[in-house]
Amino acid sequence: MNVVFAVKQYVSKMIEDSGPGMKVLLMDKETTSIVSMVYTQSEILQKEVYLFERIDSLNRETMKHLKAICFLRPTKENVEYLIQELRRPKYSIYYIYFSNVISKSDVKSLAEADEQEVVAEVQEFYGDYIAVNPHVFSLNLLGCCQGRSWDLAQLSRTAQGLTALLLSLKKCPMIRYQLSSDPAKRLAECVKQVITKEYELFDFRRTEVPPLLLILDRSDDAITPLLNQWTYQAMVHELLGINNNRIDLSRVPGISKDLREVVLSAENDEFYANNMYLNFAEIGSNIKNLMEDFQRRKPKEQQKVESIADMKAFVENYPQFKKMSGTVSKHVTVVGELSRLASERNLLEVSEVEQELACQNDHSSAHQNVRRLLQNPKVTEFDATRLVMLYALHYERHSSNSLPGLMMDLKNKGVSEKYRKLVSAVVEYGGKRVRGSDLFSPKDAVAITKQFLKGLKGVENVYTQHQPFLHETLDQLIKGKLKDGQYPYLGPSTLRDRPQDIIVFIIGGATYEEALTVYTLNRTTPGVRIVLGGTTIHNTKSFLEEISASGFRGRGAESSHVPARASSRR
């Protein structure tokens, strides 16, 4: 179950099917992103594709010596663009591939427009999602719900993306969903509808244990996307932002022209592939080892490499090292910037308190530590607000809840009202009244003992002690212990055996910390294969945008004390 491989196969098959000769790849905005995630331009050039064009670009030249490979989403606009294109064809012959199911009436309209008979074939290739890592996919959708109900256009796009994923992996799953979430049930029903309607497409060879699709809601765990991260991929996304594998470094002080935007893709960057799930400290020492290794091979050129500044100087001084490992000089820059931001924003201290708020239950210590950091001038308004959000979520119903005092501290620190309002918006989005599960206090004896033992032996790394709630959910699912009462099956049949192929999808967005959880479970659980998807992949910034876009605006910052009795759940 490798989503990168699945999309890659579709793209190479499109190109191969069109035969030898020079080609143009005609795409739309979304399919451009889908393809660029799995292939570099130079890799596609080697397959005789010499031109990349957008179907919606109006001033394309006529080039009758080129074959056109069209890879498009089956939207009304795209069908209209194609009809115009076929009436006045710019290329010699057209191979048309839709990324999802296309209606018979649309195919008929295309056939009617093709008066010059330039269309060689029309096919459906189900690469209708963004393949992020081999086991992670996204739909790049922000603000998928309004309040607690789907935005209908987003629901339809999400159902299409999810059914395309199932088709591309050749899975016809049983479906379970989170009972406490209306959107999860709606999406489960929509996916089921498509499977029923397109039953011929989903007629795959039956496996002994049917695959399972589990649909969850982000609001059940609003803690994970609020935490600072210390593993490479997650940290890059949190501090710099990853957008379709691209990182914008233009704001880095003294950045050279060729590094203003860099691409981090595990497909063609060996260093990134080997380090994306490692802790920040290990990455620094891995870069250092590469440089020392280079020096051993060129003994004349000794230079001490101790700090990140030394690494930067090293890359500048040795052009041949830069050539030999263009990727490493890129990572030196990225790691250097992460390191600068971490110290400038005092993130080690901030993160330690975040972890305490997420993982421990000592109210008075947490309250003191948050207050102490709010007084610290190095702590930005963004990080100050995030600490108060974590406090508000964890101690929402605590008898000594001191949220109003912390809100005053934020105001006194000069934190803008926009951020202060978001504190109550986050509680409204993912507070106790909404959650179907218990995020903070383990109820059963085993979990309590585990937490107690963990407290005794200390944590090997205080910055990464948090486990996303997804870890517990998947752990229960794999052991066959996930409660039907909280995560019912859609339809009458249930799974008798433990699941083997699991696709888990989070409405409202997944995170790279959850991607790491799934990666680790895949490696440590023989016989189980898990793929994680989300409407998007969040960092804290985009998660707060998601909450605002969903219509959770928060109350006036000063009146944000949460009453002890919230009204009954919707």
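Residues numbered from 1 in each chain as written. Predicted model: local features only at pLDDT ≥ 70, side-chain atom pairs only at ≥ 80, totals over all residues. Heavy atoms only, no water.

As annotated in an unreviewed UniProt entry, the chain is Vacuolar protein sorting-associated protein 45 from Chelydra serpentina. According to UniProt, the comment filed for the chain under the heading Sequence similarities (unreviewed entry) is "Belongs to the STXBP/unc-18/SEC1 family." According to UniProt, the comment filed for the chain under the heading Function (unreviewed entry) is "May play a role in vesicle-mediated protein trafficking from the Golgi stack through the trans-Golgi network." (UniProt positions renumbered as here; feature names shortened; annotations may be inferred.)

Caption draft 1: View of the overall build of the chain. The secondary structure content of the chain amounts to 22 helices and 18 strands. Looking at the 570 residues of the chain, the share that counts as buried comes to 54%. Considering only residue pairs separated by 6 or more positions, the chain has 80% of its internal contacts joining residues 24 or more positions apart. Looking at the chain as shown, the accessible area adds up to about 26100 Å², and 50% of this sits on carbon and sulfur atoms. (Helix = DSSP H or I, 4+ residues; strand = E, 2+ residues; numbered from the N terminus. Buried < 20%, exposed > 50% of the residue type's maximum accessible area, 1.4 Å probe, protein only. Contact = heavy atoms within 4.5 Å. Areas by Shrake-Rupley, 256 points an atom, 1.4 Å probe, with all protein chains shown as cover.)

Caption draft 2: Inspection of the pairing of strand S6 (residues 130–133) at higher detail. Across 3 bridges, S6 lies against strand S7 (residues 136–138) in antiparallel orientation. Within S7, the position partnered with Ala-131 by the bridge is Phe-137. Count of turn residues in the S6/S7 antiparallel hairpin: 2 residues. (Pairing = 2+ DSSP bridges.)

Caption draft 3: Molecular detail of the sheet that holds S6. Taking strand neighbours across the sheet as the criterion, the 6 strands line up as S6-S7-S17-S15-S11-S10 in an open arrangement whose pairing is mixed. If you trace the sheet from one side to the other, it starts and ends with S6 and strand S10 (174–177), each paired once. Within the sheet, the average angular offset between the axes of one strand and its neighbour, ignoring direction, is 25°. Across the sheet, helix H6 (residues 152–168) is in contact with S7, strand S11 (212–217) and strand S15 (501–507); its angle to S15 comes to roughly 165°. Each of S10, S11, S15 and strand S17 (529–534) touches helix H20 (residues 469–478); the most contacted strand, S15, lies at about 150° to it. (Axes fitted to C-alpha atoms, helices over the stretch in contact; angles between N-to-C directions.)

Caption draft 4: Region of the structure containing the packing of aromatic side chains. Inspection of the entire model under this criterion finds 12 aromatic pairs. Ring centres of Tyr-232 and Tyr-272 lie 5.9 Å apart, and the angle between their planes is 70°; this geometry places the pair in the edge-to-face category. With Tyr-232 in helix H8 (residues 232–239) and Tyr-272 in helix H9 (residues 270–275), the pair connects residues that are 40 residues apart, well separated along the chain. No difference in accessibility class separates Tyr-232 from Tyr-272, as the two residues are buried. Clustering of aromatic rings is evident, with ring pairs tying together Tyr-10, Tyr-97 and Phe-125. Seen from the ring of Tyr-419, Lys-418 lies directly overhead, with NZ or CZ sitting 5.0 Å from the centre. (Phe/Tyr/Trp six-rings, centres within 6.5 Å; stacked < 30°, edge-to-face > 60°. Lys NZ or Arg CZ within 6 Å of the ring centre and 35° of its normal.)

Caption draft 5: Examining a nonpolar patch on the surface more closely. A grouping of Met-22, Leu-45 and Tyr-50 is seen on the molecular surface, where their side chains present a nonpolar patch of about 280 Å² in accessible area. One can find Tyr-50 in strand S2 (residues 49–54). For Tyr-50, a relative accessible area of 44% gives the class partly exposed. (Patch = residues over 30% accessible without salt bridge, like charges linked within 9 Å, V, L, I, M, F, W, Y side chains within 5 Å. Salt bridge = Lys/Arg side-chain N within 4 Å of Asp/Glu carboxyl O.)

Caption draft 6: Here's a closer look at the side chain of Glu-514. Mapped onto the fold, Glu-514 is located in helix H21 (residues 512–524). A distance of 2.8 Å separates polar atoms of two side chains, one belonging to Glu-514 and the other to Arg-218. Among all residues touching Glu-514, those that are not within four sequence positions of it are Arg-218, Asp-221, Thr-224, Pro-468, Leu-470, Ile-506 and Leu-532. (Polar contact = N/O pair within 3.5 Å; in protein donor to acceptor, adjacent residues only side chain to side chain.)

Caption draft 7: The arrangement of the packing of H6 against helix H7 (residues 182–197) in detail. Contact geometry for H6 and H7: axes closest at 9 Å, N-to-C directions at 55°. Here H6 lies oblique to H7, going by the angle between them. Note on packing geometry: the crossing formed by H6 with H7 is right-handed. Only Arg-186, Leu-187, Cys-190, Val-191, Val-194 and Ile-195 of H7 make contact with H6, whose side of the interface consists of Leu-152, Leu-155, Thr-158, Ala-159, Leu-162, Thr-163 and Leu-166. Split into classes, the residues belonging to the contact of H6 with H7 amount to 10 nonpolar, 2 polar and 1 charged. (Parallel < 35°, antiparallel > 145°, perpendicular 65-115°, else oblique. Left-handed = near helix turned anticlockwise from the far one by under 90°. Nonpolar A, V, L, I, M, F, W, Y, C, P; charged D, E, K, R; others polar.)

Caption draft 8: Spotlight on the nonpolar core. Counting residues in hydrophobic clusters, the biggest one holds 159 residues, and the most contacted among them are Leu-187 and Ile-215. Ranked by the residues each element gives to this core, the list is headed by helix H16 (residues 381–394), at 9 residues. What Leu-187 contacts, discounting residues up to four positions off in sequence, is Trp-150, Leu-155, Thr-158, Ala-159, Leu-162, Ile-215, Phe-505 and Ile-507. By size, the runner-up hydrophobic cluster in this structure holds 19 residues, among which are Ile-55, Leu-86, Tyr-91 and Leu-110. (Core = buried A, V, L, I, M, F, W, Y, C linked by side-chain atoms within 4.5 Å.)

Caption draft 9: Highlighting the pattern of salt bridges. For the structure on display, the rule yields 28 salt bridges. Where Arg-340 meets Glu-344, a salt bridge forms, and the shortest distance between an N and an O atom there is 2.8 Å. With a gap of 4 residues between them, Arg-340 and Glu-344 both fall in helix H13 (residues 326–344), about one helical turn apart. We classify Glu-344 as partly exposed; its relative accessible area is 43%.

Caption draft 10: Quick peek at the sheet that holds strand S12 (residues 242–243). Taken in spatial order, the 3 strands make up an open sheet running S12-S13-S14, and their pairing is antiparallel. Every interior strand has two partners, whereas the edge strands, S12 and strand S14 (261–263), have only one. In terms of strand pairing, S12 meets strand S13 (residues 246–248) through 2 bridges, oriented antiparallel. If you follow Ile-242 over to S13, its bridge partner there is Ile-247.

Caption draft 11: Main features of unusual backbone geometry. In this model, Lys-170 sits at a positive phi of 60°, which is unusual for a non-glycine residue. As for its placement among the helices and strands, Lys-170 is situated in the loop between H6 and S10.

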